[in-house]
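# Results of the structural survey
So the chains spell out like this:
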Amino acid sequence: MPSVIAIIVLGGTGLVCGAALAFAAKVFEVKEDPRIQAILDLLPGANCGACGVPGCAEYAKAVAQQKLPIDLCKRGGAETLAKLSIYLGVKAEAKERRVAIVLCQGDNTKASRRGVYNGIADCAAAHAMGGDKGCRYGCLGLGSCARVCPVNAIEITPNRLAVVHPEICIGCGLCAQTCPRALIKLVPESRRIHVLCRSKDRGPVVKKLCSVGCIGCTLCAKTLGNQGIRMEGPLAVVDYSVQIENDEVITKCPQHSIANRPGRRLA
Amino acid sequence: MANYVLMVIGAVLVNNFVLTRFLGICPFLGVSKELPTALGMGLAVIFVMTCASAVTNLVRTWLLVPFSLDYLQTIAFILVIATFVQFVELVMKKTSPALHRALGIFLPLITTNCCVLGVAVLNVQKGHGFWESVVFGFGAAVGFALALIIFAGLREKIDRANPPRAFRGVAIALVTAGLLSLAFMGFSGLVKM
């Protein structure tokens, strides 16, 4: 008999609990807009936050409630935009995909160091101390940008230099915000020619500190007739609004600061 | 009243659930990588453990003891706690979406967490009455949250401190947990229960 009582009591408790849950699920049901789930399925699900709201679920909600436009997803790019515009019947034109690039080539083999940094392994902390590099503008190589990258597109080379892999980059811009030296820039993916230096030091100083730094000789700007590269003090800066077609600038640069690095995804 | 205060201090510091009783180790290691998540988990555990202590006490007094079914205590407690947590999640989703978002992921995670079940069983072993159970459950959960939050803070710092390669990750985390437990040994004898 005791076993029967046990079965009845425990089974009864289970039944009551189950019924209570089923009842509660009915009473406390929350009706969600079915479009939110559908939009969420169309989004890439990287939860990178590049659209300005935390995560894809929030963005899907905002789009369904028409609080945000449908072209903010940078990860998904044109593909997602096309799907969203079909689903929602809204017209939108794709913007060009943008990818991040680190504007520095001065790794341990090319740039001099003024000491050994043994502090917290974080670029902002090292930058506050002035950094261990001779150059005050160069990449510290401690990987703060690589840590915030949601898709692990940034590699820190063994010689301590951050390099973005454009084929993985989703252009969310988190790394550009994180870099204490503002070395990372978001550029349209079709741009191939970059000046990989941000040093505002004068030529002789740069030459002493780094073998690949821009010395402000203005040769590149002259070669292009000031179209595409302009001088900002002693530093050549690429104007990313125009496409540079003349590859001669790469070989013209005496410091090899200019590189041909296409940002497009390999097909 | 003084009795209850002593009970809370005893559960939080002297017999800390994680660091001296070995309960709830897996969330202690699992969700202690970042401070905000540890905070969310801690709050969810405090809420669930306090309520679970009350519910299990009622189930035992009104259901198990009258039918002399004490030996079914473990399975009955699991059943009741799981139902209760699910129920709370449903209610929370309806009434306060903000709280649901903050605790949402953690609530199902701790349904049958060993420290939740542990506090229910300990309440029985110590012969606690209803209010004693609730206070003890609350104290134990605060102790868990305290340990979790301290540990998460430590791990965040350690991640940035460049430990030697062989120590990185779980190894240094376990060493840290051991040292933290050692520190909590200092509280033994503070309250005699």
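Our subject is the structure that appears above.
Heads up: these notes are all about the structure in this document. Just so it is clear, the model here is predicted, and its values are computed rather than measured. (Residues numbered from 1 in each chain as written. Chains lettered and ligands numbered in written order. Predicted model: local features only at pLDDT ≥ 70, side-chain atom pairs only at ≥ 80, totals over all residues. Heavy atoms only, no water.)

## Quick notes on the overall build of chain A
Operational definition: Numbering of helices and strands runs from the N terminus, with a helix taken as a DSSP run of H or I at least four residues long and a strand as a DSSP run of E at least two residues long. Exposed residues in this analysis have more than 50% of their type's maximum accessible area, buried residues have under 20%, and partly exposed residues fall in between, with area computed by a 1.4 Å probe over protein chains only. Methods summary: accessible areas were calculated by the Shrake-Rupley approach with a probe of 1.4 Å, and residue burial reflects only the protein chains presented.
Across its full length, chain A carries 10 helices and eight strands. Burial statistics for chain A: of 267 residues in total, 42% are counted as buried. Accessible surface, chain A as shown: approximately 14200 Å² in total, 58% of it carbon and sulfur.

## Quick word on the nonpolar core
Cut-off, in case you're wondering: We define a nonpolar core as any set of buried Ala, Val, Leu, Ile, Met, Phe, Trp, Tyr and Cys residues linked to one another through side-chain atoms lying within 4.5 Å. By definition, residues are in contact when any of their heavy atoms lie within 4.5 Å.
Residues F17, F28 and M49 of chain B are the most contacted members of the largest nonpolar core, which totals 53 residues. Among residues more than four places away in sequence, those in contact with F28 of chain B are V18, L19, A147, L148, F151, A177 and L180 of chain B. Of all hydrophobic cores here, the second largest spans 45 residues; its members include C149, C179, I258 and A259 of chain A.

## Regarding a nonpolar patch on the surface
All names here are of chain B. Basically, it comes down to this: Excluding any residue in a salt bridge, patches collect residues exceeding 30% relative accessible area, merging like charges within 9 Å and nonpolar Val, Leu, Ile, Met, Phe, Trp and Tyr side chains within 5 Å. Any carboxyl oxygen of Asp or Glu that lies within 4 Å of a side-chain nitrogen of Lys or Arg is treated as forming a salt bridge with it.
A cluster of nonpolar side chains, namely M1, V5, L6, I9 and L190, defines an oily patch on the protein surface of about 480 Å² accessible area. Summarising the element assignment, I9 is placed in helix α1 (residues 2–14). The class for I9 is partly exposed, based on a relative accessible area of 32%.

## A few points about the interface of chain A and chain B
Worth spelling out the cut-off: Here the quantity called buried area is the accessible surface, traced with a 1.4 Å probe, that two parts lose on coming together, added over both. In protein, a polar contact requires one atom able to donate a hydrogen and another able to accept it; more generally it is a pair of N or O atoms within 3.5 Å, and residues adjacent in sequence count only if both atoms are side-chain atoms. Only Asp, Glu, Lys and Arg are considered charged in this grouping, and only Ala, Val, Leu, Ile, Met, Phe, Trp, Tyr, Cys and Pro are considered nonpolar; every other residue, Gly among them, is considered polar.
Counting residues at the interface gives 20 residues for chain A, matched by 18 residues for chain B. Interface area, chain A with chain B, both sides summed: about 1700 Å², of which 78% is carbon and sulfur. The interface formed by chain A and chain B contains zero salt bridges. Where chain A meets chain B, there are zero residue pairs in polar contact (both at pLDDT 80 or more). For the side of chain A that touches chain B, the elements supplying multiple residues, two or more each, are α1 (2–27) and α3 (56–64) of chain A. Tallying contributions element by element places α1 of chain A first for the side of chain A that touches chain B, with 11 residues. Class assignment of the residues belonging to the side of chain A that touches chain B gives a composition of 13 nonpolar, two polar and five charged.

## Quick notes on the environment of P188 of chain A
Residues and elements named next belong to chain A. On the secondary structure map, P188 appears in strand β4 (residues 184–188). For the pair P188 and E96, spaced 92 residues apart in the sequence, the C-alpha separation amounts to 6.3 Å. When near neighbours in sequence (up to four residues on either side) are disregarded, P188 contacts E96, R97, R98 and Y240.

## Some remarks on a positive patch on the surface
Residues and elements named next belong to chain A. What counts here: Positive charges come from Lys and Arg, negative ones from Asp and Glu, while His and the chain ends are left out of the count. A charged residue contributes its charge at one atom only: NZ of Lys, CZ of Arg, CG of Asp or CD of Glu.
On the surface, K74, K95, R98 and K185 cluster together into a patch of positive charge. Mapped onto the elements, K74 comes out in the loop between α3 and α4 (77–88). Note on K74: relative accessible area 36%, which makes it partly exposed.

## Structural notes on the packing of helix α8 (residues 130–160) of chain B against helix α9 (residues 170–185) of chain B
Residue and element names in this part refer to chain B. For clarity, the cut-off: Whenever a helix is involved, its axis is fitted only over the stretch in contact; in every case the axis is a line through C-alpha atoms, and angles between N-to-C directions fall within 0 to 180 degrees. Orientation categories follow fixed angle ranges, with anything under 35 degrees roughly parallel, anything over 145 roughly antiparallel, 65 to 115 roughly perpendicular, and all other angles oblique. Each crossing gets its hand from how the near helix is turned against the far one by less than a right angle, where anticlockwise is left-handed and clockwise is right-handed.
Where α8 meets α9, the closest approach of the two axes is 11 Å, and the angle between their N-to-C directions is 135°. In terms of orientation, α8 and α9 fall into the oblique class. Seen along the crossing, α8 lies across α9 with a hand that is right-handed. Counted together, L146, A147, I150, F151, L154, R155 and I158 of α8 and I172, A173, T176, A177, L180 and F184 of α9 form the full contact between these two elements. Its residues assigned to classes, the contact of α8 with α9 comprises 11 nonpolar, one polar and one charged.

## So, helix α4 (residues 73–95) of chain B
How we decide: What a helix should span is 1.5 Å times the count of its residues minus one.
Taking 1.5 Å per residue as the helical rise, α4 of chain B with its 23 residues ought to reach 33 Å, and the 32 Å between its terminal C-alpha atoms agrees with that figure. Taken residue by residue, α4 of chain B has Q73, A76, F77, V80, I81, T83, F84, V85, V88, E89 and M92 of chain B as its buried positions.

## Here we look at the pattern of salt bridges
Pairing of side chains with opposite charge becomes possible as their charged atoms draw close. Residues and elements named next belong to chain A. Counted by the stated rule, this structure contains 10 salt bridges over all chains. Where R160 meets D132, a salt bridge forms, and the shortest distance between an N and an O atom there is 3.2 Å. A residue pair is termed long-range when its members are at least 10 positions apart, and R160 in the loop between β2 (154–156) and β3 (162–164) and D132 in the loop between α5 (123–128) and α6 (144–148) qualify at 28 residues. It is possible to trace a salt-bridge network through shared partners that takes in R113, D132 and R160.

## Some points on the packing of aromatic side chains
The geometry of an aromatic ring pair is captured by two quantities: the separation of the ring centres and the angle between the planes. Residue and element names in this part refer to chain B. Our working definition: Put simply, two rings from Phe, Tyr or Trp (the six-membered ring, in Trp's case) pair if the centres are within 6.5 Å, and we call them stacked under 30 degrees between planes, edge-to-face over 60, tilted for the rest.
Inspection of every chain in the model, using the stated rule, returns five aromatic pairs over all chains. Both rings, one in F184 and one in F187, keep their centres 5.5 Å apart while their planes meet at 65°; by these two values the pair is edge-to-face. The buried category is assigned to F184, whose relative accessible area is 6%. Given the relative accessible area of 29%, F187 is considered partly exposed.

## Comments concerning the packing of α4 of chain B against helix α7 (residues 114–125) of chain B
All names here are of chain B. Between α4 and α7, the least distance of the axes is 10 Å, while the angle of their chain directions is 130°. Taken together, the axes of α4 and α7 are oblique relative to one another. Pair α4 / α7 crosses with right-handed handedness. Residues Q73, T74, F77, I78 and I81 of α4 touch α7, and the partners they reach there are V116, L117, A120, V121 and V124. Split into classes, the residues belonging to the contact of α4 with α7 amount to eight nonpolar, two polar and no charged.

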